[in-house]
Amino acid sequence: MSADTIVRVSDLHKWFGMLHVLRSVSLEVRLREVVCIIGRSGSGKSTLLRCINFLEEPSHGMIEVDKVKVETNGKGISTKKNHRQLIHDIRLQTGMVFQEFNLFPHRTALENVMEGPITVKGMNKADAVRIAEFNLDRVGMLFKKDEYPLRLSGGQKQRVAIARALAMEPKVMLFDEPTSALDPELIGEVLNVMKNLAKEGMTMLVVTHEMGFAREVADRVVVMADGEIIEQGVPADVFNSPQDARTQALIERYHSGGAR
Amino acid sequence: MYHFDWPLFFQYIWPPTAFHDPLIRNGLIATIIISVVAQALGVVLGLFVALGKMSKFPLFRLLAEAYIWYFRGTPLLVQMMLLFFGLGVTHIYDFPDIKLGVLVISGAIQAGTLALGVNEGAYMAEIVRAGIEAIDPGQMEAAKSLGMTYGLAMQRIVLPQAAKVIIPPLGNEFNSMMKTTSLMEVISASELFFGFTQVNARLFKPFELFIAASLYYLALTTIWSFVQARIESGLGERKGAERGPGMMERLFSGATGKGAR
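The text that follows walks through the structure, step by step, so that each part is easy to find. (Residues numbered from 1 in each chain as written. Chains lettered and ligands numbered in written order. Predicted model: local features only at pLDDT ≥ 70, side-chain atom pairs only at ≥ 80, totals over all residues. Heavy atoms only, no water.)

This brings us to the interface of chain A and chain B. A common way to express how large an interface is: the accessible area buried when the components associate. Chain A puts 23 residues into the contact, and the matching count from chain B is 18 residues. Buried surface at the junction of chain A and chain B, both sides included, amounts to about 1800 Å², of which 59% is carbon and sulfur. Summed over the three residues of chain A that lose the most area to chain B, namely A:Arg91, A:Phe104 and A:His106, the buried surface amounts to 29% of that side. At the junction of chain A with chain B, the criterion picks out two salt bridges. In this structure, the salt-bridge partner of A:Arg50 is B:Glu141, at a minimum N-O distance of 2.6 Å. In this structure, the connection of chain A to chain B is made through seven residue pairs in polar contact (both at pLDDT 80 or more). Counting only elements with at least two residues in the side of chain A that touches chain B, the list comes to α2 (80-93), β6 (94-97), α3 (109-119) and α5 (154-166) of chain A. When the residues that make up the side of chain A that touches chain B are grouped by side-chain class, the tally is 11 nonpolar, seven polar and five charged. (Contact = heavy atoms within 4.5 Å. Buried area = accessible area lost by both parts, 1.4 Å probe. Salt bridge = Lys/Arg side-chain N within 4 Å of Asp/Glu carboxyl O. Polar contact = N/O pair within 3.5 Å; in protein donor to acceptor, adjacent residues only side chain to side chain. Helix = DSSP H or I, 4+ residues; strand = E, 2+ residues; numbered from the N terminus. Nonpolar A, V, L, I, M, F, W, Y, C, P; charged D, E, K, R; others polar.)

Spelled out as structure tokens, the structure:
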């Protein structure tokens, strides 16, 4: 483990009932690194991401984000109260962007972004407005700050959702298929925002089917299949000379235009 | 051939003359206040029972299930008599009068209101639960990913959205509640219907007086349905959603009210 590791996942297992979706996954992400996780549907890549901020409780294994370490043995090793506090600490260090945006429909774009700083961090309203406007501007959505989500396009919603996560000033951003629910012509604007974030040096963990994005932006590509990491490396290696047969099939499909 | 006593009938349906009789005036006021208090109690209890039923702790789920099972599975009238006479005779609680300045709240009104509210809580629990479950789980996840606790996410994100789903059936519950308060007549709580039965005991004109009584309830529920339509169209406008059923539809569709339980 190198000194600038910010996310560490070790021997992670997740069962949904009888289904073993994550089978001993270990992964380290360094500060400022952009890691794209690719793989077919059902390979466990979203579950891995959701375990990192405990939207799914891991069945077994260790998660560490910015020196906050939570170990699970299925029952939870730490005392219940401490366990919750640690999960809270991890969530404060991670921002998450969802496939379905999950904007709060009863709040305007600005209010969506202000919600976390005000209710979770106890920030006063003036500061929260300032931070919210700064982050909406960062994703190019300041001009729609007073609109309700209902009146925004999918791409605009996702950009507001990114601003909402950024406003909490997380150390790591988790993206769970951020463009999969978008019409093709709206994907570009979201990917551009993500590229800019990467350029700013944000640490990003991106579950995606956007092979072009992974190839262009990722520092490292992680390939998952059947609940395991089967291959990882710099994009050029993974895309040009995949080792595992399942990776080859995935890349093949991309090159033949089957996946974007 | 029955001789309908028109003068008496008019005297008791026309508020300025009917209100000369304190039994009617105070009864009407009591009915309105009891309805509001019992409904409010029902909403609060319903919220907690609904959260209990959705809890991850089996004990809370069991308690909530048992509450709903009992209070929806037994007659309100029996619950009310059990609470008032049953608790009284055991001296667990005697329902003494409560004095609030000039206002005296009789034991019967306390017991009746409590029974109405507790019973309503069981029905509201299902309404609140349906409202919460109508909200996309992604909302809770997004709130949690920002670091909100379950309670904060409920209060700030889920419940305000669920309210939109909860308010229309809540309005119907209140309509029902105003009529159901009349059950309190059996424990001699001095609400509107008790007032009319007392007048009837004096004059023995049940046909005229009970028609008059029914018209008071009709007036209450009709006024309420106007208010309800206003509230719901307000909800719809603010959220840019569809409007609820219109005034006429609500009054005459017959599908909304449930009648006394």
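There's more to say after this.
Residues and elements named next belong to chain A. Taken in spatial order, the four strands of this open sheet run β2-β1-β4-β5, and their pairing is antiparallel. The open sheet has two edge strands, β2 (19-30) and β5 (68-72), and neither has a second partner. Going across the sheet, the axis of each strand differs from the next one's by a mean of 10°, ignoring polarity. With eight bridges joining them, strand β1 (residues 5-16) and β2 adopt antiparallel strand pairing. Along β2, the bridge assignment pairs Thr5 with Arg30. Packed onto the sheet, helix α1 (residues 45-52) meets β1, β2 and β4 (60-65) and runs at close to 120° relative to β1. (Pairing = 2+ DSSP bridges. Axes fitted to C-alpha atoms, helices over the stretch in contact; angles between N-to-C directions.)

Two numbers describe a pair of aromatic rings. These are the distance of the centres and the angle of the planes. Scanning all chains against the criterion turns up 18 aromatic pairs over all chains. On the numbers, 4.9 Å between centres and 55° between planes, the contact of B:Phe84 with B:Phe85 is tilted. The class of B:Phe84 is buried, set by a relative accessible area of 17%. An aromatic cluster is present here, built from B:Tyr2, B:Phe4, B:Trp6, B:Phe9, B:Phe10 and B:Phe207 joined pairwise through their rings. The ring of A:Phe104 has A:Arg164 lying over it, and the distance from NZ or CZ to the ring centre is 4.4 Å. (Phe/Tyr/Trp six-rings, centres within 6.5 Å; stacked < 30°, edge-to-face > 60°. Buried < 20%, exposed > 50% of the residue type's maximum accessible area, 1.4 Å probe, protein only. Lys NZ or Arg CZ within 6 Å of the ring centre and 35° of its normal.)

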